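Structural overview
In case you want the letters, here they are:
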Amino acid sequence: MTNKLARPYRLAALKLICLQGVVALVAAVIIFVGWGVDAGLSAIAGGTVAVLPNFVFVIYAFRYMGASKAKQVFASFKRGNGLKFLLTIFLFALIFKLYPVIFLPFFCSFILVMFVGLFAPVFFNH
């Protein structure tokens, strides 16, 4: 059962995940128009490798809130961070193994989506 105090923070984090998804799609469309289908698909793959682990982290990390739940907060952040790391490695390995990726669009999209998280305070001023 999740804590009601965590709900606004979880929603704010999910807004960021949605913004990252939009940035990944816009980047993929721009790359698709400029470089073609294979490059666009590589950009979508790069965005997915960035967005999906962040989504998993948000689901696990923002379950609990408050001083009375400090151990649960720590455990949920730890579990979420571990799953995010493992899922990122798994997705990189899966994409590189199963799909002939064009590296420049893939990593450009991945890095662009990761930078959205760094500049989140510019987009959301709570």
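That block above? That's the structure.
Here is what the cut-offs are and how they apply
- Residues numbered from 1 in each chain as written.
- Predicted model: local features only at pLDDT ≥ 70, side-chain atom pairs only at ≥ 80, totals over all residues.
- Heavy atoms only, no water.
- Helix = DSSP H or I, 4+ residues; strand = E, 2+ residues; numbered from the N terminus.
- Expected span 1.5 Å × (residues − 1).
- Buried < 20%, exposed > 50% of the residue type's maximum accessible area, 1.4 Å probe, protein only.
- Arc of directions from axis to C-beta.
- Core = buried A, V, L, I, M, F, W, Y, C linked by side-chain atoms within 4.5 Å.
- Contact = heavy atoms within 4.5 Å.

Quick look at helix H4 (residues 103-118) now. Spanning 16 residues, H4 covers 23 Å between terminal C-alpha atoms, matching the ideal 22 Å at 1.5 Å per step. For H4, the full list of buried residues reads Pro105, Phe106, Ser109, Phe110, Val113 and Val116. Looking straight down H4, one finds its buried side chains confined to an arc of 130°; they lie on one side. Looking at H4, the residues exposed on the side facing more than 90 degrees away from the buried face are Leu104 and Leu118.

On to the nonpolar core, then. Membership of the largest hydrophobic core comes to 22 residues, with the highest contact counts inside it found for Val49, Ile95, Phe106 and Val113. Broken down by secondary-structure element, the contributors of at least two residues to this core are helix H1 (7-35), helix H2 (37-61), helix H3 (70-98) and H4. With 7 residues, H2 is the single largest residue contributor to this core. Dropping the residues within four chain positions of it, isoleucine 95 is found in contact with Ala45, Val49, Val101 and Phe106.

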